[in-house]
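What the coordinates show
So you can see what is in the structure, the chains are spelled out below.
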Amino acid sequence: MARLYVGLSGYSYKAWQGPSRFYPPGLKTADFLRYYATRFRTVELDGVWYRMPTEKTVHSWVSETPEEFSYAPKAHRQITHFLRLNRESLDVVAILLQRLTPLAQAGKLGPILLQLPPNMTRDDERLTAFLAGLPPNHRWAVEFRHDSWHAEQVEALLRRHGIAWASVETDERSAEHRDTASFVYARLRRSRYGDDDLQVWADRLRRAREAGKDCFVYCKHEDEGSPWIWADRLLELNGFR
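Residues numbered from 1 in each chain as written. Predicted model: local features only at pLDDT ≥ 70, side-chain atom pairs only at ≥ 80, totals over all residues. Heavy atoms only, no water.

In spatial order, the strands read β4-β5-β6; together these three strands make up an open sheet with parallel pairing. The open sheet terminates on both sides in strands that have one partner only, identified here as β4 (112-115) and β6 (164-165). Note: strand β5 (residues 140-143) against β6, two bridges, orientation parallel. Following the sheet pairing, A141 is matched in β6 by A164. (Pairing = 2+ DSSP bridges. Helix = DSSP H or I, 4+ residues; strand = E, 2+ residues; numbered from the N terminus.)

Below, the structure written as structure tokens:
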């Protein structure tokens, strides 16, 4: 059966520390990642969307996590929000990949998420040119946040390049499940999950893994929330706890 990676969207949240919280009281902030890696074997790097990581930071990501750990960077906003997948954005993709080289060399670079702006409407020509320019030796996932993208032609385009359609569930809408890649990328963004909700996801992930697809799943980061409870339960429902 294929692999299951379940984690959180980020790890460096001071509000997660304290009695009955994720991080034990007294744990130094500098040790958050090492501790996190004892609980989960993947993390979505939400902070990369805001700023390109330094060489020192990337090397620390390699050294502070075990061999089988996987990082899923959220592509820098220059690519998706400022340049909006135009031709120049591929130059920024190259810079990002160069920064992430140590992760790739260590076998710790997982899928890279391209989250499009909610006001970016469907443009097949732009998307076609952008996807054709992405290095195919990396796993890519795209999160569409405007309904105009929800079309069979867009789905077929992603499938042609082996790029995952990110299944994203929020309080406002259900996830779009589109089979476009050799792996699954899911983001659980609702403010609350019950056991029945998580069982539905667990069953879906089990079926995908039985079909040979690695699954990467990330629970919403909230300073005051407890997404690790949902992640732990999802792993438990799949027999990993």
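What follows covers unusual backbone geometry. Note on backbone geometry: most residues besides glycine have negative phi, and most peptide bonds are trans. Residue S20 is not a glycine yet carries a positive backbone phi of 65°. Topologically, S20 is positioned in the loop between β1 (4-8) and α1 (32-39). Look at R84: it is not a glycine, yet its phi comes out positive at around 55°. Residue position: R84 is located in the loop between α3 (77-82) and α4 (89-99).

Here the distance between the centres and the angle between the planes together describe a pair of aromatic rings. Summed over the entire model, instances satisfying the criterion amount to 23 aromatic pairs. Relative to F22, the ring of W16 lies with its centre 5.9 Å away and its plane at 75°, an arrangement referred to as edge-to-face. Measuring from centroid to centroid gives 4.7 Å for F22 and Y23, while their planes differ by 80°, and the two rings are edge-to-face. Per residue, the accessibility class of F22 equals that of Y23, and both read buried. We note R178 situated over the ring of W165; from NZ or CZ to the ring centre the distance is 4.6 Å. (Phe/Tyr/Trp six-rings, centres within 6.5 Å; stacked < 30°, edge-to-face > 60°. Buried < 20%, exposed > 50% of the residue type's maximum accessible area, 1.4 Å probe, protein only. Lys NZ or Arg CZ within 6 Å of the ring centre and 35° of its normal.)

Between side chains of opposite charge, a pair can form as their charged atoms come close. Summed over the entire model, instances satisfying the criterion amount to 18 salt bridges. In this structure, R190 and E169 form a salt bridge, with 3.9 Å as the shortest nitrogen-oxygen distance. Of this pair, R190 sits in the loop between β8 (183-188) and α8 (195-210) while E169 sits in strand β7 (residues 167-169); the two residues are 21 residues apart in sequence, bridging distant segments of the chain. With a relative accessible area of 12%, E169 lands in the buried category. Owing to a relative accessible area of 22%, R190 belongs among the partly exposed residues under this scheme. Taken together, the shared-partner salt bridges in this structure form one network comprising E155, R159, E176 and R178. (Salt bridge = Lys/Arg side-chain N within 4 Å of Asp/Glu carboxyl O.)

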